[in-house]
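The chain contents come next:
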Amino acid sequence: MPRTNILAAAKVLAALAVLAGATTYVLGVWPFAGKLEETAQGQGQALIGGPFSLVAHTGERVTDADFAGRAKLMYFGYTYCPDMCPLGLGTITAAYGQLSPAQQDEVVPIFVTVDPERDTVPAMADYVALFHPDLVGLTGTVEEVGAAASAYRVYHRKAESESNTDYLVDHSTFIYLMDGDNAYVTHFGHDASAEEVAEGVRRHLGAAG
């Protein structure tokens, strides 16, 4: 699908997600699906999340330390995604929009690509602008993105294609809520509504306060 069509579709799907609290479906078969909670709390310690060094859609290199002190709503996907990513990001930004200004100051929504070969800084900048001005897009080298995805137990696999530029990427579609120390708090599945995500964030902020 031409990139212009994908961006146009993203606008439509994002709007639908905001208006209807749209849900998503997991692409592919994720090895950790159904066991995420167990994985996250193995031996009493969170096994999801970790340090990362990536490049923001603004062109600046950032690490997890740049978001210290703020909770994070994180989603892994890619800008050429025809449906799941616009819906997932629409859910995140709709939930973020339901928070008070004071609560928004304590949270940062983040979109991490799993397709760094196509998702350059300019591509990420164009894409995140479709959703919310506070949404941070992160990309990097294949190795850097792979390390971040591995830390968050994110499944992603490029679908077989004869084209080097026109292909799909199967990936998990969980929304992660991380605390100000970049520690796992909880996750939201593909069926979570914006209201449920917003309430989960409020509960965390209330408990943290």
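To start, this report covers the structure provided alongside it.

Rules and cut-offs
Residues numbered from 1 in each chain as written. Predicted model: local features only at pLDDT ≥ 70, side-chain atom pairs only at ≥ 80, totals over all residues. Heavy atoms only, no water. Pairing = 2+ DSSP bridges. Helix = DSSP H or I, 4+ residues; strand = E, 2+ residues; numbered from the N terminus. Axes fitted to C-alpha atoms, helices over the stretch in contact; angles between N-to-C directions. Contact = heavy atoms within 4.5 Å. Phe/Tyr/Trp six-rings, centres within 6.5 Å; stacked < 30°, edge-to-face > 60°. Buried < 20%, exposed > 50% of the residue type's maximum accessible area, 1.4 Å probe, protein only. Lys NZ or Arg CZ within 6 Å of the ring centre and 35° of its normal.

### Some words on the sheet that holds strand 4 (residues 107-113)
Here's step 1: Reading across the sheet, the 7 strands line up as 2-1-5-4-3-8-9 and stay open at both edges, with mixed pairing between neighbours. Every other strand in the sheet has two partners, leaving strand 2 (61-63) and strand 9 (184-188) as the edge strands with one partner each. The average angle at which neighbouring strand axes cross in this sheet is 35°, direction not considered.
Here's step 2: Examined bridge by bridge, strand 4 and strand 5 (residues 136-139) share 3 bridges and lie parallel to one another. Within strand 5, the residue paired with Val112 across the bridge is Leu138.
Here's step 3: Of the strands in this sheet, strand 1 (53-56), strand 4 and strand 5 touch helix 5 (residues 121-128), which is tilted by about 155° from strand 5.

### Comments concerning the packing of aromatic side chains
Aromatic ring pairs are described here by two measures, namely the spacing of the ring centres and the angle between the planes.
Here's step 1: Here the structure, examined in full by the defined rule, presents 6 aromatic pairs.
Here's step 2: Plain terms: the ring middles of Phe52 and Phe67 are 6.4 Å apart, the flat faces sit at 40° to each other, and that makes the pair tilted. One end of the pair, Phe52, is in the loop between helix 2 (36-40) and strand 1; the other, Phe67, is in the loop between strand 2 and strand 3 (71-77), with 15 residues separating them in the sequence. With respect to burial, Phe52 and Phe67 carry one shared label: buried.
Here's step 3: Where Phe76 meets Tyr152, the ring centres are 5.4 Å apart and the plane angle is 45°; that geometry is what we call tilted. Of this pair, Phe76 sits in strand 3 while Tyr152 sits in the loop between helix 6 (142-151) and strand 6 (156-158), and the two are 76 residues apart along the sequence.
Here's step 4: Judged by relative accessible area, Phe76 falls into the buried class, the value being 2%.
Here's step 5: What links up through ring pairs into an aromatic cluster is the set Phe76, Tyr152 and Tyr176.
Here's step 6: For Arg118, the ring lying beneath its charged end belongs to Tyr80, and the centroid distance is 4.1 Å.
Here's step 7: When the ring centre of Tyr167 is taken as origin, the NZ or CZ atom of Arg118, which lies over that ring, is 3.6 Å away.

By themselves, these observations are geometric and do not establish any function.
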